Amino acid sequence: DVKVTQSSRYLVKRTGEKVFLECVQDMDHENMFWYRQDPGLGLRLIYFSYDVKMKEKGDIPEGYSVSREKKERFSLILESASTNQTSMYLCASSPIWGGGGAFFGQGTRLTVV
Amino acid sequence: ELKVEQNPLFLSMQEGKNYTIYCNYSTTSDRLYWYRQDPGKSLESLFVLLSNGAVKQEGRLMASLDTKARLSTLHITAAVHDLSATYFCAGGYNNNDMRFGAGTRLTVKP
């Protein structure tokens, strides 16, 4: 059974903390993505990566960074958490070729207080 | 930069009726995705459309792509309650990005 696993389902962090969200996939996919999902806004792309150590900014990268040191792992980092980063964060992976869609993790509900 | 717009954002249907969700995108996209999300769950891939005129069907759902009009549609035939969910379309380019619309929340009533 193919999987994208996010390290936490729920997180509560304080304003100003550095926050790490981890995502691991077991499908040997080249592409990995981080999105945030907010009501009425759909999924907004934060960063994506198409190879180890490669990263591309999405539509809302401000306040975030990413790390991809190994093919299977893609980390999202909130350098200094703020309350407006309270959201559902979704990780996904997909193969670079072929007609398949992406596989999504179960999501991390982050609350910044 | 690719922008994706869906309409309607909310759709309430009677069981047995047909309806279509529309997805417009702003610039060249070499693939169009449709996903389903159930409440409290993550997204599940439904269709990937790769070329102009592509049509894919699964059960009561049929997706199509018109690249010239930059339009994809998701047609629902004879809706049943189990189809109640939020449906997202997404566009991608160069095999490695994927940008989503706001989603269509579908409710099918008996």
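The rules behind each value
Residues numbered from 1 in each chain as written. Chains lettered and ligands numbered in written order. Predicted model: local features only at pLDDT ≥ 70, side-chain atom pairs only at ≥ 80, totals over all residues. Heavy atoms only, no water. Pairing = 2+ DSSP bridges. Helix = DSSP H or I, 4+ residues; strand = E, 2+ residues; numbered from the N terminus. Axes fitted to C-alpha atoms, helices over the stretch in contact; angles between N-to-C directions. Salt bridge = Lys/Arg side-chain N within 4 Å of Asp/Glu carboxyl O. Buried < 20%, exposed > 50% of the residue type's maximum accessible area, 1.4 Å probe, protein only. Polar contact = N/O pair within 3.5 Å; in protein donor to acceptor, adjacent residues only side chain to side chain. Contact = heavy atoms within 4.5 Å. Disulfide = S-S within 2.5 Å.

Caption draft 1: Up close: the sheet that holds strand β1 (residues 4-6) of chain A. Residue and element names in this part refer to chain A. On the basis of which strands lie adjacent, the open sheet formed by four strands has the order β1-β3-β8-β7 and antiparallel pairing. At either end of the open sheet lies a strand with only one pairing partner, and these are β1 and β7 (64-70). Direction aside, the axes of adjacent strands within the sheet are offset by 20 degrees on average. Pairing geometry for β1 and strand β3 (residues 19-25), over three bridges, is antiparallel. Residue pairing across strands places Q6 opposite C23, the latter belonging to β3.

Caption draft 2: Broad picture of the pattern of salt bridges. Residues and elements named next belong to chain A. All told, the structure shown has nine salt bridges over all chains when counted by the stated rule. The closest approach of N and O atoms between D28 and K71, which form a salt bridge, is 3.1 Å. Of the two residues, D28 sits in the loop between β3 and β4 (31-38) while K71 sits in the loop between β7 and β8 (73-78), which places them 43 residues apart along the sequence. Residues R44 and D38 are paired through a salt bridge, measuring 2.8 Å at the closest nitrogen-oxygen approach. For R44, a relative accessible area of 27% puts it in the partly exposed group. You can call D38 buried: its relative accessible area is 12%. Among the charged side chains, a network of salt bridges with common partners joins R36, D38 and R44.

Caption draft 3: Up close: the pairing of strand β9 (residues 87-94) of chain A. Residue and element names in this part refer to chain A. β9 sits mainly inside the fold: eight of its eight residues count as buried. On β9, burial covers both faces: S87, Y89, C91 and S93 on one face and M88, L90, A92 and S94 on the other are all buried. Across seven bridges, β4 lies against β9 in antiparallel orientation. If you follow Q37 over to β9, its bridge partner there is M88. Of the strand pairs in this sheet, β9 and strand β11 (residues 108-112) are connected by three bridges, and their pairing is antiparallel.

Caption draft 4: Structural context of the pairing of strand β1 (residues 4-7) of chain B. Residue and element names in this part refer to chain B. Of the two faces of β1, only the one carrying V4 and Q6 is buried; E5 and N7 on the other face are not. Pairing of β1 with strand β3 (residues 19-25), which is carried by four bridges, proceeds in the antiparallel orientation. The residue of β3 that forms the bridge with Q6 is C23.

Caption draft 5: Representation of the side chain of A:R36 in the model. Residue and element names in this part refer to chain A. Along the chain, the position of R36 falls in strand β4. Of the polar contacts made by the side chain of R36, one reaches the backbone oxygen of N84; its length is 3.1 Å. Polar contacts involving the side chain of R36 include one to the side chain of S87, which spans 3.4 Å. Ignoring sequence-local partners within four residues, the contact set of R36 consists of G42, L43, R44, I46, I60, Y64, N84, Q85, T86, S87, M88 and Y89.

Caption draft 6: Geometry of unusual backbone geometry. Put simply, B:N7 and B:P8 share a cis peptide bond, and its omega is 0 degrees. Looking at where B:P8 falls in the secondary structure, it is placed in the loop between β1 and β2 (10-14). In this structure, A:D28 is a non-glycine residue whose phi angle is positive, near 60 degrees. Overall, the relative accessible area of 53% leaves A:D28 in the exposed class. Not every positive phi belongs to a glycine, and A:K53 is a case in point at roughly 70 degrees. Looking at the element boundaries, A:K53 is found in the loop between β5 (42-49) and β6 (56-57).

Caption draft 7: Spotlight on the sheet that holds β3(B). All names here are of chain B. The five strands lie next to each other as β1-β3-β8-β7-β6, forming an open sheet whose pairing is antiparallel. One side of each edge strand has no neighbouring strand; the edge strands of this open sheet are β1 and β6 (55-58). Within the sheet, the average angular offset between the axes of one strand and its neighbour, ignoring direction, is 15 degrees.

Caption draft 8: The state of the cysteines, seen in detail. This model, assessed by the stated rule, comprises two disulfides over all chains. Note that A:C23 is cross-linked by a disulfide to A:C91, the S-S spacing being 1.9 Å. Handedness here is read from the sign of the S-S torsion; for A:C23 and A:C91, about -75 degrees, the answer is left-handed. Here A:C91 lies in strand β9 and A:C23 lies in strand β3, a separation of 68 residues in the sequence. Between the sulfur atoms of B:C23 and its disulfide partner B:C89 the distance amounts to 2.0 Å.

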